[in-house]
Amino acid sequence: MGAHAVVLDLLQIPYQKKADVRMEKLMKMAHGFLQEFCRGNHPNQALMHGSLDLFLDKGINNARTSRAIFQDNTRLCNEVTEPVIQHFVRCIETHERHVEYLRFLQTIVKAEGAYIRKCQDMVMQELSLAGEDVLLFYNDKQSFEALVELMCAERSRADERSPLLYHINLVKLLASCTEGKNVYTEIKCHSLLPLDDIVRVVTHQDCLAEVKDAYVSFLNHCYIDTEVEMKEIYTSDHIWRLFESFLVDMGLVCNATSDRKHADVLLERYVTETVMTVITNFFNSPFSDQSSTVQAHQPVFVRLLQGSFRVLNCDWPNPQQKYQVENCIRTLSDIAKSRGIAIPVDLDTQITTKINRATTLVRTSTRWLLASRTSKRDSVSSGATGLGDYKSIIEGLQDIVYILEGQLRPLVQAELSVLVDVLHRPELLFPPNTEARRKCESGGFISKLIKHTERLVEEKEETLCIKVLQTLKEMMSVVDGYGGEKGEELRQTLLTRYYSKSNLRHREGATGKRDKRECRAGMMILSRAETTLQEVQCHLDNEGATSLVVQLIIKSPSQTIFLESVSLGIALLEGGNTDIQASFYEQLTEEGRSEVFFKVFFDKMTEAQTEIKATVTVNMTDGFSRPGVEKEESRDDSHKKHKAKQNGRAIPEELSHQMEDAALQTRQALAQLQRSRSEDDIPKPTFMEDLEGGKEKKDDKKMISSAISVMQPILRFLQLLCENHNRDLQQYLRSQNRKTNYNLVCETLQFLDCICGSTTGGLGLLGLYINENNVKLINQALETLTEYCQGPCHENQNAIAFHESNGINIVTALVLNDINPLGEHRMDLVLELKNNASKLLLAIMESRHDSENAEKILYNMSPKQLVDSIGHTYYLTDPNEERDELEKLDMCTRALRATPLETDGADAKDDDDDDEEEESVSPKEVGHNIYILAHQLSQHNEELARLLKPGIISDAKAEAALQYYAQHTARIEIVRADRNMEQITFPVPQVCQYLTEETRVKVFNNVEQNVQGSKVEGFFELADDMYSEMCWQRKLIGQPILYWISQRMGLWSSIAFNLTVLINLIVACFYPFPKTKQELDPKISGLIWTAILVSLAIVVTLPRPSGIRTLIGAIILRMIFSVGIQSTLWLVGTLNVVNKGVFLVSLMGNRGTFTKSFRATITDFEFLYNVCYLALCILGLCAHEFFYSLLLLDVVYREETLLNVIKSVTRNGRSILLTAILAVILIYLFSIVGYMFFQNDFIIDVDKQSEQLQIEQELATEAAMAATCPAGAVNCTEPDIPHAEARRLAGGKASKSDDDDGGDDKEPACDTLVKCILTTLNLGLRNGGGIGDALRQPSSSEQLYVPRVLYDLLFFFILIIIVMNLIFGVIIDTFADLRSEKQQHDETLKNTCFICGLERREFDNKAFTYEEHIKYEHNMWHYLYFIVLLKVKDKTEFTGPESYVYMMIQDVNLDWFPRMRAMSLVEDNEDGDQNEIRNLHGKLEETSKIVVFLSAQLSELKEQMTEQRKSRQRLGLFGPPAAGQA
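Calculation criteria
Sequence positions are assigned chain by chain, starting from 1 and proceeding in written order. Side-chain atom pairs in this predicted model are given and counted only at pLDDT of 80 or more, local residue features only at pLDDT of at least 70, and totals for whole chains, interfaces and linings cover all residues. To obtain the side-chain values, all non-hydrogen atoms of the structure were included, while hydrogens and water were left out. Counting from the N terminus, the helices are DSSP H or I runs at least four residues long and the strands are E runs at least two residues long. The cut-offs for exposure are 20% and 50% of the maximum accessible area for each residue type, with area from a 1.4 Å probe on protein chains only; residues under the lower value are buried, those over the upper are exposed, and the others partly exposed. We call two residues in contact whenever any of their non-hydrogen atoms come within 4.5 Å of each other. Each reported salt bridge corresponds to a side-chain nitrogen of Lys or Arg within 4 Å of a carboxyl oxygen of Asp or Glu. Pairs of N or O atoms are called polar contacts if they sit within 3.5 Å, as long as, within protein, a hydrogen donor faces a hydrogen acceptor (for residues adjacent in sequence, only side-chain-to-side-chain pairs). In these notes, a set of buried Ala, Val, Leu, Ile, Met, Phe, Trp, Tyr and Cys residues joined through side-chain atoms within 4.5 Å is what counts as a nonpolar core. Orientation is described by axes fitted as lines to C-alpha atoms, over the contacting stretch for helices, and by angles from 0 to 180 degrees between their N-to-C directions. Throughout, the term roughly parallel applies to angles under 35 degrees, roughly antiparallel to angles over 145, roughly perpendicular to angles from 65 to 115, and oblique to all others. For any pair of crossing helices, the crossing counts as left-handed if the nearer helix is rotated counterclockwise from the farther one by less than a right angle, and right-handed if it is rotated clockwise. Any residue outside Ala, Val, Leu, Ile, Met, Phe, Trp, Tyr, Cys, Pro, Asp, Glu, Lys and Arg is labelled polar, Gly included; the first ten of those are nonpolar and the last four are charged. Patch rule: a residue counts if its relative accessible area is over 30% and it has no salt bridge; like charges are joined within 9 Å, and nonpolar side chains (Val, Leu, Ile, Met, Phe, Trp, Tyr) within 5 Å. The method behind every accessible area is Shrake-Rupley, applied with a 1.4 Å probe, and residues are considered shielded solely by the protein chains displayed. What counts as a disulfide here is a pair of cysteine sulfur atoms lying within 2.5 Å. Paired rings are identified among Phe, Tyr and Trp, the last through its six-membered ring, by centres lying within 6.5 Å, and are further divided according to the angle between planes into stacked (under 30 degrees), edge-to-face (over 60) and tilted (the rest). By the criterion adopted, a ring carries a charge over it if an Arg CZ or a Lys NZ lies within 6 Å of its centre and within 35 degrees of its normal. Two strands are counted as paired when DSSP detects at least two bridges linking them. Confidence scores here are pLDDT values: one per residue, from the predictor, ranging 0 to 100. Each residue after the first adds 1.5 Å to the expected span of a helix.

1. A closer look at the overall build of the chain
Here's step 1: In terms of helices and strands, the chain carries 73 helices and 8 strands.
Here's step 2: Scored against the burial criterion, the 1526 residues of the chain give a buried share of 43%.
Here's step 3: Put simply, 75% of the contacts in the chain that link residues at least 6 apart link residues at least 24 apart.

2. Quick word on the environment of leucine 495
Here's step 1: Following the sequence through the fold, leucine 495 ends up in helix 26 (residues 484-498).
Here's step 2: Measuring from C-alpha to C-alpha, the distance between leucine 495 and glutamate 415 comes to 9.7 Å, with 80 residues separating the pair along the chain.

3. Observations regarding the pattern of salt bridges
Here's step 1: Tallied over the entire structure, the rule returns 32 salt bridges.
Here's step 2: Across the salt bridge formed by aspartate 1245 and lysine 1306, the nearest N and O atoms sit 2.1 Å from each other. One end of the pair, aspartate 1245, is in strand 7 (residues 1243-1246); the other, lysine 1306, is in strand 8 (residues 1305-1308), and 61 residues separate them in sequence.
Here's step 3: Looking at aspartate 1245, the relative accessible area reads 48%, which means it is partly exposed.
Here's step 4: We note a salt bridge from lysine 1382 to aspartate 1386, for which the minimum N-O separation is 3.1 Å. Separated by 4 residues within a single helix, lysine 1382 and aspartate 1386 lie in helix 69 (residues 1345-1391), roughly one turn from each other.
Here's step 5: Under the relative-accessibility criterion, lysine 1382 is labelled partly exposed at 33%.
Here's step 6: Salt bridges here are not isolated pairs; linked through shared partners, they connect Asp1241, Arg1336, Glu1342, Arg1348 and Asp1352.

4. A closer look at helix 39 (residues 727-734)
Here's step 1: Within helix 39, 6 of the 8 residues are buried, which leaves it mostly tucked inside the rest of the structure.
Here's step 2: Turning to helix 39, its buried residues number three or more, namely Leu729, Gln730, Gln731, Tyr732, Leu733 and Arg734.
Here's step 3: Its side-chain oxygen at 3.3 Å from the backbone nitrogen of aspartate 728, asparagine 726 defines the N-terminal cap of helix 39.

5. Details of the nonpolar core
Here's step 1: Ranked by internal contacts, the top residues of the largest apolar core, which has 123 residues, are Ile108, Phe218, Phe243, Phe246, Met250, Ile279 and Phe283.
Here's step 2: Not counting the four nearest positions on each side in its chain, phenylalanine 283 is found in contact with Trp240, Phe243, Ser288, Val294, Phe301, Thr331, Leu332 and Ile335.
Here's step 3: Residues Leu472, Leu572, Val830 and Ile932 belong to the second largest nonpolar core, which totals 118 residues.

6. Some words on the packing of helix 43 (residues 807-816) against helix 45 (residues 827-844)
Each packed pair of helices is defined by two parameters, the angle between the axes and the distance between the axes.
Here's step 1: Packing of helix 43 against helix 45 leaves a shortest axis separation of 8 Å and a crossing angle of 130°. For the element pair helix 43 / helix 45, the angle class is oblique. As for the relative orientation of helix 43 and helix 45, their crossing is left-handed in sense. Of helix 45, the residues touching helix 43 (which contributes Ile808, Val811, Thr812, Leu814, Val815 and Leu816) are Lys834, Ala837, Ser838, Leu840, Leu841 and Ile844.
Here's step 2: Here the residues of the contact of helix 43 with helix 45 are counted per class, giving 9 nonpolar, 2 polar and 1 charged.

7. Thoughts on a nonpolar patch on the surface
Here's step 1: Together, Tyr1345, Val1346, Val1349, Leu1350, Leu1353, Leu1354, Phe1357, Ile1361, Ile1362 and Leu1366 make up a nonpolar patch on the protein surface, roughly 850 Å² of accessible area in all.
Here's step 2: Following the sequence through the fold, phenylalanine 1357 ends up in helix 69.
Here's step 3: For phenylalanine 1357, a relative accessible area of 43% puts it in the partly exposed group.

8. Some points on the state of the cysteines
Disulfides are covalent bonds that connect the sulfur atoms of two cysteines.
Here's step 1: Counting across every chain of the model gives 1 disulfide.
Here's step 2: The disulfide partner of cysteine 1310 is cysteine 1316, and the gap between their sulfur atoms is 2.5 Å. Measuring handedness by torsion sign, the sulfur bridge of cysteine 1310 and cysteine 1316 sits at about -85° and is left-handed. An identical accessibility class is assigned to cysteine 1310 and cysteine 1316; each is buried.

9. Things to note about the packing of aromatic side chains
Here's step 1: Going through the model one piece at a time under the given rule, you end up with 46 aromatic pairs.
Here's step 2: An angle of 25° between the planes, with centres 5.8 Å apart, marks the rings of phenylalanine 243 and phenylalanine 283 as stacked. You can see phenylalanine 243 sitting in helix 15 (residues 238-254) and its partner phenylalanine 283 sitting in helix 16 (residues 265-284), a full 40 residues away along the chain.
Here's step 3: Through pairs of rings, three or more aromatic residues link up here, namely Phe562, Phe584, Tyr585, Phe597, Phe598, Phe601, Phe717 and Tyr732.
Here's step 4: Over the face of the ring belonging to phenylalanine 562 we find lysine 604, whose NZ or CZ atom lies 4.7 Å from the ring centre.
Here's step 5: Across the ring face of tyrosine 964, the terminal group of lysine 924 is positioned such that the distance to the ring centre comes to 5.0 Å.

10. Regarding unusual backbone geometry
Here's step 1: The omega torsion across glycine 791 and proline 792 is 0°, close enough to zero to call that bond cis.
Here's step 2: Examined against the element boundaries, proline 792 turns out to sit in the loop between helix 41 (775-789) and helix 42 (794-801).

11. Topic: the packing of helix 8 (residues 117-129) against helix 10 (residues 163-178)
Here's step 1: With their axes 9 Å apart at the nearest point, helix 8 and helix 10 run at an angle of 135° to one another. Our classification of the angle between helix 8 and helix 10 gives oblique. Crossing angle aside, the handedness with which helix 8 passes helix 10 is left-handed. Contacts between helix 8 and helix 10 pair Gln120, Val123, Met124 and Leu127 from the former with Leu173, Leu174, Ser176 and Cys177 from the latter.

12. Some remarks on the pairing of strand 5 (residues 969-975)
Here's step 1: The buried count for strand 5 comes to 7 of 7 residues, which makes it a mostly enclosed element.
Here's step 2: Inspection of the sheet shows strand 5 paired to strand 6 (residues 981-987) by 7 bridges, in the antiparallel sense. By the bridge assignment for strand 6, alanine 970 is matched with phenylalanine 986.
Here's step 3: Here strand 5 hands over to strand 6 after 5 residues, with arginine 979 in that stretch at a positive phi of 70°.

13. Points about the environment of tyrosine 1043
Here's step 1: Mapped onto the secondary structure, tyrosine 1043 falls in helix 56 (residues 1040-1046).
Here's step 2: Once the C-alpha coordinates of tyrosine 1043 and serine 1146 are considered, the two residues, 103 residues apart in sequence, prove to be 8.1 Å apart.
Here's step 3: Not counting the four nearest positions on each side in its chain, tyrosine 1043 is found in contact with Gln1033, Leu1036 and Ile1037.

14. A closer look at the confidence of the model for the chain
Here's step 1: With 79% of its residues at a pLDDT of 70 or more, the chain shows a mean pLDDT of 77.
Here's step 2: This stretch, residues 375-386, has a pLDDT under 50; its non-local contacts, to residues over four places away or in other chains, come to 5 contacts.
Here's step 3: In this model, residues 617-659 is a region of pLDDT below 50 whose contacts with residues beyond four sequence positions or in other chains number 23 contacts.

15. Regarding the side chain of threonine 1392
Here's step 1: Considering the arrangement of structural elements, one finds threonine 1392 in the loop between helix 69 and helix 70 (1410-1417).
Here's step 2: Threonine 1392 gets classed as buried once you look at its relative accessible area, which sits at 17%.
Here's step 3: Residue contacts for threonine 1392: discarding those within four places in its chain leaves Glu1387, Gly1397, Leu1398, Glu1399 and Tyr1410.

16. Observations concerning the environment of glycine 1397
Here's step 1: Its place among the elements puts glycine 1397 in the loop between helix 69 and helix 70.
Here's step 2: A sequence separation of 381 residues divides glycine 1397 from valine 1016, and the C-alpha atoms of the two residues are 9.3 Å apart.
Here's step 3: Discounting chain neighbours no more than four positions away, the residues touching glycine 1397 are Thr1392, Arg1459 and Met1460.

17. What to know about helix 57 (residues 1049-1070)
Here's step 1: Its 22 residues give helix 57 an end-to-end C-alpha distance of 32 Å, which sits within 8% of 32 Å, the value for a rise of 1.5 Å per residue.
Here's step 2: Taken together, the buried positions of helix 57 are occupied by Met1049, Trp1052, Ala1056, Phe1057, Leu1059, Thr1060, Leu1062, Ile1063, Asn1064, Ile1066 and Val1067.

In structure tokens form, the structure reads like this:
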């Protein structure tokens, strides 16, 4: 098009450069066009080179365009003429010092990585001829200071016209001129920039990274990488000073912030490129071999190696920078070995491993690439060479795949996570207020996606269906792993591309707003969803996800879709979402699909059992037919060798194993990279399969088949259906009330029975069928069966306990027997099995009041064997401790051997492992569960109950285990919703042992009864505080000093009180203190020393508080007369302050004050009280000794009796205050009456002081306070005036003055009403007879005599007798009430149960005593431990009773506490009723026997009477007639 010609014509148009602004802007744009026209295009540069003369004019734009013409064009640079170079040098001289002119010269000196020696010489020639206007250096002291100021001013940014940037580019130009070992330019540069100036600039603390880079590059090309030896650099210490500066810069880049947005990229590039190149070139130089300075600076050399290694281990270097650093490390390591420099062993090991691995990667990758280019025919014909190629290919492929995995895995994770982000908020893809956005906001997008998934199944699009199911499952993923910093950066970029920036900010803001609300709710937050897991699950359920799972399981088009459907169901149910459970229940019941749905699971279980039976048969044959196996293995080996020979070469066995291992690891890496794809999408690495040969078949024998492994997600899905003890689904899994019922409960038990091998024989062979491959499946079966039973679900319990299979016996055998050979190398798996089995047996007996299930369990269980199993499990090695040790060793090994790529990959893998892998249970925990099981069974077996009692078992270890479990097991009784009582046995959480004894006593004594007389409410309110104290005390153990101080709070309190008493004794006995030391009589001194020695002997032999107090008192007394009273008092006061400070720290440590808020701290009365106490101690020490007297009031706080005395006044303070106000009102009224009528009677006697007496008393007081020497004395040799003598003189003079005055004075006391009120209040209340005792006694002849008498009597009766006694009576009655309450409180604590409120008399003549009741049945601390257990235990692990109590606690409902009830009393009452019924039955039987006997006699008597009557009738018929008849 010839566009450049048009632009060139435009540039030739003349214009006024200063006046025409628009034309200047247009010309700048034209130059910019030409610069882009030449960028990276050699033909265009050649075209422009023909018009170079147009640009040989002054101006920055011309220089930039000229530079673009020659940029990276070797041919044109070789054609540069000397006038062109002279032009640009003159521009610098005449126009301005601008970096663009220097950059043009830099461009023509080096092009396309090649050095243009011709240009180097010409540029150097012109620069040497130029003056100081071009060569701007800072060599002298004054100019160097100017350079430092420039660097400080340019620290933030550098202006292109600044002298500093010009100087930097000038040094870079000189370095470019010397690059390539140009001797001519090197010699000239030495004179321009000496080595001393380089060292001075680079080592300065304010030197910028750009300046350092320019100077060090110049140093490298001019002094190190030279053709001629520069002895100055190798013989002097200049280079080592530079190395020390390099170490500082290495430390800065290694310790810099991990935020790449604020990283110093220039400094990092300077360290990784320039510095590493200088170090490498210096030690690789042939001239350095002759230098002996390396041995003299070995510490600096070792630090260089360490610093380089630290830089290599950083995350930010790119591959090119890493290559430079590795090259430097390799050079330093070689120099150290060649010169015998000692390097730390660990550093040497790490460096050697890293260098070897890097070398191996390069070598094997090269060989693999070369081998891949050779033909197969050449490879076959090459023989041994081909064998090496195969090995190289395998090693190279393994390393390359591993590296690619580490680099690509974060990006793949981030890209997949973006799809999930879009599905969470699809409405943000569309503009606001559009129909598409409204549909997406209402869930239409997810709903259509789910419906489309059903259609995909119908259309046989299984691959896409699997992708959708996996994505839906990923939407509920709790782990928000975006692949580290790189992955998160890619994710944010993609989100910005999909969403606008405003929508992206909206998402971030919404997330920040929701976090606090959801965290308060205690729910799991999904950051990608900006909501909780439960809300996401419910959202998907509302859009049809539950229905999709049910339909896909019913249809089951393929095994893969079935597994993904079950996995989606598991994700929906994760966390025990009751809404999802209800949705599944509704789907299965209302639509009548349960029969087909459960038939699928039933068939899968049946198929798995069939497969297991076939596998067991094979395993039995393998286990007992070793010769056959050996023959088959040898046959496989021969077949493998024969196959290898058929390929044209004989592969050695060792090499074959190496190739197999490499291939297996490579396949695992590929599978991990492609785990997001379905099985159908993953290409089969046939080459790897060929290499693996027969080993893959051999490994398949150990792995369980897919028909069996599918049971793992199935059982997990069924477990989650019953999570949180869902009674409806528990029943529904057993019976669907349909024409055909599928009992999945019994089928799960049969599966457990089958996989454990009981179908093949007895239980003694249990360990032969449990291995590492199926142990997780067995554990899942046990957990699922446990969830079937808990709640409780009595029907499922009976179904499991009385099933015709041996399932219950299998579970019992898992608890009792050793599972070998698995237990020989994986004891953690065995412990997990025993733990789950014991939980299942406990679930079968949960909340049952009969003994049928317990007897079923005990049928095949020996009590002695169960007790032995408890002891055996207790003394097993904890696998967690072993794993911790192995992890430490593994971490050390990986730290020594891993490369940065390996470290990154390992870190990512460790993160995944930490999320997926749960910590195994400890042996003590398993043994504890078995002990609880034995405890529950002992209620139904007398022999087992006897064995569990202490002292019965002869085995010391088993006895110790039983004692440990008995101490750490608690038992409580709760009241269920149906008002039936139930007993719970549970392990005491470890945190409960940190509850202090002081808190126990305080809670036990201070919890008050409520209106109903129960203490449970107050106790429950303190549970959270006590739990917080437990947690704090557990943390406190990690701080030994604070813990030691906190545990002795009572000791510090006692010491503080004793020191307070001692200080006040000293003040009371010796104040005011003489300033001179008093001499002590030798006899008294000897007596004191004797007391010290005797008390010391008593303390050593019999340490008691009284002896310690005596010793301290004697020592204090000795110090008073040795060092003086004030010094002793100051020492004791200091000790008191320090001790009180220690006590305050102890109090804060025990109360957890360090973790409380400021408001909670200042509202803590005890804390504030002790702070005031400490303040008084400091005031007494620093201000005045009388402040110590206030500390004695602490006795009121320490003694409960004195507290009651204070309470007797404060409890009814309002009544006392109102009564006092009434008294004041009455006094006011009496004062008014007195002022009006009896003002002249208010005459009182006063004792006035004369002025002389006041002066003398003041002098005496000053003498007493001074107590040094008499006034006016020249020195202090005269004896002091005793204080008592001064007072006596003052008193004597006062008496004399009084006598001279002639007696007491009288003055009126009611001149004003105020005076009258004060007099009445003061004298009226203090006199026993009232105000009348203080007034003038009137004569009976006076007119107001009778009113005065009435006035005095009324005051006496109303105020003195009535009002004052009212106040005293209130105080006395309150004190009596407090005393009776205390007695009643003590009686209640002693004779009333804290929990249920039953009194001691209720247990008289009962089998269970009151002491046993409060210790075993209703131990208040056991209830606290149970509440703590519910706080620390996972909610999904709750048993039925635990879930019930947890819900009651959440609702703050205390009905689960037993009230006036105890199971022991119920049993005794039932036993009594049974005895009465039995007695009545006996009496009834005896009465029945008597009735039968009497009936028999009566019948016999009737028969006799009948016979007699008949005989008489016969006699009367045949005999003579009677006389009467005649």
